[in-house]
Amino acid sequence: MKKIRDLYIHIPFCKKRCPYCDFYSTCGNDHIKYIDALLREYLQMKNLLDEKLDTIYFGGGTPSILSIEEMDRIIKTIFYSHDISTSEITIELNPGEIDKDKLVYYKSSGFNRVSVGVQSFRDSELKTLGRIHNGNEAIKIFDKIRSVGFDNFNLDLISGIPGQNIESMKYNLEMVKRISPNHVSAYMLTYYEGTKLTKLLNSGKIKPCDEDLDLELYNFLIHFLEEIGIKRYEISNYAKDGYKSKHNSNVWDNGDYLGLGVSAHSKRLNKKWWSPKDFKSYVNTSDFYDFYEEEISGSVDLFNERMMLSLRTINGVTDKDFLNEIIKSKPEIIGKYLKSNKIIFEDEKFLRLSKDGFNFYDEIVSDFFIC
């Protein structure tokens, strides 16, 4: 069976949990116990990985919160065990809490891509989002990144922040233009159940961005980025030519991947498994096969997931066999969205969302699902 060539490593630690964040994280500092468990998990699952890796992605949490010595333990165990000569190796980091020594270390250790959680360059918006950096720190971090030799980096942005308007979005995008990243991940603010921001919304302490303004802001963002050569290739991701995220693209292309760390997910063919969101149990686990939760996807699940992932991308569905399956099972849905110009279906070679269709992604994907 073909081995997995894409690896995700979850580092859950944060100095402060952002009130909008739905990813698993902790403000604890049991770094040593966690790394011990992470390396036990790696050694147990290593047989699933190919000798040559295409991508390694450190996400969080805040991976850069680990000291150089702590990160070195992970790198010396994992990086040295595989051929990473052509791998895309990414680490997420936050402005205001990363020093040049760590950046130098990352560069010398094999990292060749960084992803920076900016979210906004305006201090008022950063305060609303509960971020611990300010706009000036967000600008300066890219000077540090470039100074140590990184030439491939992503910048995260959020639109639809309470109080945001076209002028403040324009300011954020002018800063993006000035920094000139290779890649931008831009998301509409989502109020996830159970987060502090949602509780503030439900209590009336914050007012959400007007729905029409929210869409106007995002469409303005898309147009601006494309004008400066950062083109949409996935519903929330934009890149200059040659700088798409290889790691995330593998996920959207329905590829296999191994996730290590508490709450991390893995996929191989029709099987998925993941670690529960339980830090204490994770660090005390000796047999991860017993610890994981898992599911085997049936034909309906596989169809729906492939539909969901394919329509996220600008290319849409291009596989001929899958396209024929869609044509046979959902002809009336194809007709419905062709009529409203929300999908593009050309010569039965591909099916993808139109520019307007991306604004209705959830509705369209749901219609294509097989129940």
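Anything mentioned here points back to the structure above.
Criteria and cut-off values
Residues numbered from 1 in each chain as written. Predicted model: local features only at pLDDT ≥ 70, side-chain atom pairs only at ≥ 80, totals over all residues. Heavy atoms only, no water. Helix = DSSP H or I, 4+ residues; strand = E, 2+ residues; numbered from the N terminus. Rg over C-alpha atoms; globule rule 2.2 N^0.38 Å. Buried < 20%, exposed > 50% of the residue type's maximum accessible area, 1.4 Å probe, protein only. Contact = heavy atoms within 4.5 Å. Areas by Shrake-Rupley, 256 points an atom, 1.4 Å probe, with all protein chains shown as cover. Lys, Arg positive; Asp, Glu negative; His and termini not counted. Charge placed at Lys NZ, Arg CZ, Asp CG, Glu CD. 1 Å grid on protein atoms, 1.4 Å probe; cavity = no way out; pocket = protein on both sides within 12 Å on 5 of 7 lines; lining within 4 Å. Points joined across faces, edges and corners; volume = space filled by probe spheres on them. Nonpolar A, V, L, I, M, F, W, Y, C, P; charged D, E, K, R; others polar. Pairing = 2+ DSSP bridges. Axes fitted to C-alpha atoms, helices over the stretch in contact; angles between N-to-C directions. Core = buried A, V, L, I, M, F, W, Y, C linked by side-chain atoms within 4.5 Å. Phe/Tyr/Trp six-rings, centres within 6.5 Å; stacked < 30°, edge-to-face > 60°. Lys NZ or Arg CZ within 6 Å of the ring centre and 35° of its normal. Patch = residues over 30% accessible without salt bridge, like charges linked within 9 Å, V, L, I, M, F, W, Y side chains within 5 Å. Salt bridge = Lys/Arg side-chain N within 4 Å of Asp/Glu carboxyl O. Parallel < 35°, antiparallel > 145°, perpendicular 65-115°, else oblique. Left-handed = near helix turned anticlockwise from the far one by under 90°.

**Considerations on the overall build of the chain**
And step 1. If you tally the helices and strands in the chain, you get 15 helices and 14 strands.
And step 2. Rg of the C-alpha trace for the chain: 21 Å, near the compact-globule value of 21 Å for 371 residues, within the 12% margin.
And step 3. Its C-alpha atoms give the chain principal-axis dimensions of about 60 × 50 × 45 Å.
And step 4. Taking all 371 residues of the chain together, 53% fall into the buried category.
And step 5. Taking all contacts inside the chain whose residues are at least 6 apart in sequence as the whole, residues at least 24 apart take part in 70%.
And step 6. For the chain, the exposed surface amounts to about 17,600 Å²; the carbon and sulfur share of it is 48%.
And step 7. With 51 positive and 56 negative side-chain charges, the chain shows a separation of 3 Å between the mean positions of the two kinds.

**Some remarks on the layout of surface pockets**
And step 1. Empty space within the second largest pocket amounts to approximately 300 Å³.
And step 2. Considering the residues around the second largest pocket, the lining is formed by 16 residues, among which Trp-252, Asp-253, Thr-313, Asn-315 and Gly-316 are closest to the centre.
And step 3. Considering every element that reaches the lining of the second largest pocket, the biggest residue donor is helix α12 (residues 299-312), with three residues.
And step 4. Its residues assigned to classes, the lining of the second largest pocket comprises five nonpolar, seven polar and four charged.

**Concerning the sheet that holds strand β8 (residues 237-239)**
And step 1. Strand order in the open sheet made by the nine strands is β7-β8-β6-β5-β4-β3-β2-β1-β9, with mixed pairing throughout. The open sheet has two edge strands with one neighbour each: β7 (231-234) and β9 (258-260). The average undirected angle you get between the axes of adjacent strands in this sheet is 25°.
And step 2. Relative to strand β5 (residues 153-159), strand β4 (residues 113-119) runs parallel, the two being bridged by four bridges. What sits directly across from Val-116, in β5, is Leu-155.
And step 3. In this fold helix α6 (residues 166-179) packs onto β5 and β6 (183-188), with an angle of close to 175° to the strand it touches most, β5.

**Examining the nonpolar core**
For soluble globular proteins, the rule of thumb is that nonpolar side chains tend to be buried together.
And step 1. Grouped together as the largest cluster of nonpolar side chains are 73 residues, with contacts concentrated most on Phe-58, Ile-74, Tyr-106 and Phe-121.
And step 2. Ranked by the residues each element gives to this core, the list is headed by helix α1 (residues 31-45), at seven residues.
And step 3. Ranked by size, the runner-up nonpolar core spans 19 residues in total, among them Leu-311, Val-317, Ile-343 and Phe-368.

**Considering the packing of aromatic side chains**
And step 1. Using the criterion set out here, one finds 18 aromatic pairs in the structure.
And step 2. Plain terms: the ring middles of Phe-58 and Phe-79 are 6.3 Å apart, the flat faces sit at 65° to each other, and that makes the pair edge-to-face. Taken together, the positions of Phe-58 in strand β2 (residues 55-60) and Phe-79 in the loop between α2 (68-78) and β3 (88-93) put the pair 21 residues apart, joining distant regions of the chain.
And step 3. When its relative accessible area of 3% is taken as the criterion, Phe-79 is described as buried.
And step 4. Here Phe-288 and Phe-291 contribute two aromatic rings whose centre-to-centre distance is 6.3 Å and whose plane-to-plane angle is 85°, an arrangement assigned as edge-to-face. Residue Phe-288 and its partner Phe-291 are both found in helix α11 (residues 288-291); the two are separated by three residues, about one turn of the helix. There is no split in this pair, since Phe-288 and Phe-291 are both buried.
And step 5. When the ring centre of Phe-150 is taken as reference, the NZ or CZ atom of Lys-107 above it lies at 5.8 Å.
And step 6. Sitting above the plane of the Phe-360 ring, Lys-342 keeps its charged end 4.7 Å from the centroid.

**As for the sheet that holds strand β12 (residues 293-296)**
And step 1. Pairing is antiparallel across the open sheet formed by three strands, whose spatial order is β10-β11-β12. Looking along the sheet, the strands with just one partner apiece sit at the ends: β10 (265-268) and β12. Neighbour to neighbour, the strand axes of the sheet diverge by 15° on average, direction disregarded.
And step 2. Where strand β11 (residues 271-274) lies against β12, four bridges are found, and the strand directions are antiparallel. The residue of β12 that forms the bridge with Lys-271 is Ile-296.

**With respect to a negative patch on the surface**
And step 1. On the surface, a cluster of negative charge is contributed by Asp-210, Glu-211, Asp-212 and Glu-216.
And step 2. Mapped onto the fold, Glu-216 is located in helix α8 (residues 211-227).
And step 3. The exposure class of Glu-216 is partly exposed, given its relative accessible area of 45%.

**Topic: the packing of α12 against helix α15 (residues 361-368)**
And step 1. It is the contact of α12 with α15, at a shortest axis distance of 9 Å, that shows an interaxial angle of 150°. As the angle between them shows, α12 and α15 are arranged roughly antiparallel. In this structure, α12 meets α15 at a crossing whose hand is right-handed. Taking contact as the criterion, the partners of Phe-303, Met-307, Met-308, Leu-311 and Arg-312 in α12 are, on α15, Tyr-361, Ile-364, Val-365 and Phe-368.
And step 2. Of the residues that constitute the contact of α12 with α15, the class distribution is eight nonpolar, no polar and one charged.

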